[in-house]
Amino acid sequence: MDGFKKFLLRGNIVEFAVAIVIGLAFAAVVGAFVDAFITPLVGLLLGSAGDFRGKYFEVSDTRFPIGAFIGELLTFVVTAAAVYFFVVKPVGRAMERFRSEPDADPPVRECAECLSMIPAAARRCSFCTSVQAA
């Protein structure tokens, strides 16, 4: 029982649980926004009287709810755009700004003989073994 308790109280498990709860709440807010504003606007643009989620077409007595699908697709697109522009982009900019480690790629230069890319500090080309000028 002690091992299970340690597992549950590890930082990354708790952070993951919090992220899921916040993600679900965010998805609910975006879904409500789409239902309240986007769906009626798209419905008006398509000539429907407001909400188009009830629209469907039938093929041999089988109902295909195309309006519900389009509504869920809109919810997905708006959620993905909101996550990208309000989470991914700002976090990426912050990570770039506060990055403390140097670039992982060492500086390179072109070999004078074979034109391969070699480390800038190399004295011989690793491809053609020609001596490089310092």
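Since this is a predicted model, take the numbers as computed values, not measurements.

**Structural notes on the overall build of the protein**
Right, on to step 1. Check the secondary structure of the protein and you find three helices and four strands.
Right, on to step 2. Overall, the protein shows an N-to-C arrangement of helices and strands of α-α-β-β-α-β-β.
Right, on to step 3. In terms of C-alpha radius of gyration, the protein reaches 28 Å, well past the compact-globule figure of 14 Å for 134 residues.
Right, on to step 4. Across its three principal directions, the C-alpha atoms of the protein cover 80 × 50 × 35 Å.
Right, on to step 5. Considering the protein as a whole, with its 134 residues, one finds that 16% of them fall into the buried category.
Right, on to step 6. Within the structure as shown, the protein displays about 10,700 Å² of accessible surface, and the carbon and sulfur contribution to it stands at 68%.
Right, on to step 7. Counting 13 positive and 13 negative side-chain charges, the protein places the averaged centre of each group 7 Å from the other.

**Topic: the side chain of Gln132**
Right, on to step 1. For Gln132, the position within the fold is in the segment after strand 4 (117-119).
Right, on to step 2. We classify Gln132 as buried; its relative accessible area is 10%.
Right, on to step 3. For Gln132, the side chain forms a polar contact with the side chain of Ser130, separated by 3.0 Å.
Right, on to step 4. Look past the residues within four positions of Gln132 in its chain and what remains in contact with it is Arg109, Glu110, Cys111, Ala112, Ile118, Ala122, Arg123, Arg124 and Cys125.

**Details of the packing of aromatic side chains**
Aromatic rings in a pair are described by how distant their centres are and how their planes are angled relative to each other.
Right, on to step 1. Inspection of every chain in the model, using the stated rule, returns three aromatic pairs.
Right, on to step 2. Aromatic side chains Phe57 and Phe64 sit 5.1 Å apart centroid to centroid with 15 degrees between the ring planes, which places their arrangement in the stacked category.
Right, on to step 3. Among the residues examined, Phe57 registers a relative accessible area of 41% and is labelled partly exposed.
Right, on to step 4. Geometrically, the ring pair formed by Tyr84 and Phe85 is edge-to-face, given 5.0 Å between the ring centres and 80 degrees between the ring planes.
Right, on to step 5. Residue classification places Phe85 among the exposed residues on the basis of a relative accessible area of 52%.

**Notes on helix 3 (residues 66-97)**
A turn of α-helix holds 3.6 residues, and therefore any two residues three or four places apart point the same way.
Right, on to step 1. For helix 3, which comprises 32 residues, the first-to-last C-alpha distance of 45 Å matches the rise-based estimate of 46 Å (1.5 Å per residue) to within 8%.
Right, on to step 2. Its maximal kink placed at Tyr84, helix 3 deviates by approximately 35 degrees.
Right, on to step 3. Among all positions of helix 3, only Gly67, Gly71, Leu74, Thr75, Thr79 and Ala82 are buried.

**Remarks on unusual backbone geometry**
Right, on to step 1. The phi torsion at Ser60 lies on the positive side, around 45 degrees, for a residue other than glycine.
Right, on to step 2. Relative to the helices and strands, Ser60 is located in the loop between strand 1 (57-59) and strand 2 (62-64).
Right, on to step 3. A residue is classified by how much of its surface remains accessible, and Ser60, at 65% relative accessible area, is exposed.
Right, on to step 4. Positive phi values are uncommon outside glycine, yet Asp61 reaches one of about 65 degrees.
Right, on to step 5. One can find Asp61 in the loop between strand 1 and strand 2.

**As for a nonpolar patch on the surface**
Right, on to step 1. On the surface, a nonpolar cluster with roughly 870 Å² of combined accessible area is contributed by Phe26, Val83, Tyr84, Phe85, Phe86, Val87, Val88, Val91 and Met95.
Right, on to step 2. The element that contributes the greatest number of residues to the nonpolar patch is helix 3, accounting for eight residues.
Right, on to step 3. Tracing the backbone shows Tyr84 in helix 3.
Right, on to step 4. Assessed through its relative accessible area of 38%, Tyr84 is described here as partly exposed.

**Focus: the state of the cysteines**
Right, on to step 1. Under the counting rule described, the total for this entry stands at zero disulfides.
Right, on to step 2. The thiol sulfur of Cys111 is not disulfide-bonded, and the nearest other cysteine sulfur, from Cys125, lies at 3.7 Å.
Right, on to step 3. The exposure class of Cys111 is buried, given its relative accessible area of 1%.
Right, on to step 4. Residue Cys125 is classed as buried on the basis of its relative accessible area, which comes to 2%.

The rules behind these values
Residues numbered from 1 in each chain as written. Predicted model: local features only at pLDDT ≥ 70, side-chain atom pairs only at ≥ 80, totals over all residues. Heavy atoms only, no water. Helix = DSSP H or I, 4+ residues; strand = E, 2+ residues; numbered from the N terminus. Rg over C-alpha atoms; globule rule 2.2 N^0.38 Å. Buried < 20%, exposed > 50% of the residue type's maximum accessible area, 1.4 Å probe, protein only. Areas by Shrake-Rupley, 256 points an atom, 1.4 Å probe, with all protein chains shown as cover. Lys, Arg positive; Asp, Glu negative; His and termini not counted. Charge placed at Lys NZ, Arg CZ, Asp CG, Glu CD. Polar contact = N/O pair within 3.5 Å; in protein donor to acceptor, adjacent residues only side chain to side chain. Contact = heavy atoms within 4.5 Å. Phe/Tyr/Trp six-rings, centres within 6.5 Å; stacked < 30°, edge-to-face > 60°. Expected span 1.5 Å × (residues − 1). Bend = angle between axes of the 7 residues up to and from the residue. Patch = residues over 30% accessible without salt bridge, like charges linked within 9 Å, V, L, I, M, F, W, Y side chains within 5 Å. Salt bridge = Lys/Arg side-chain N within 4 Å of Asp/Glu carboxyl O. Disulfide = S-S within 2.5 Å.

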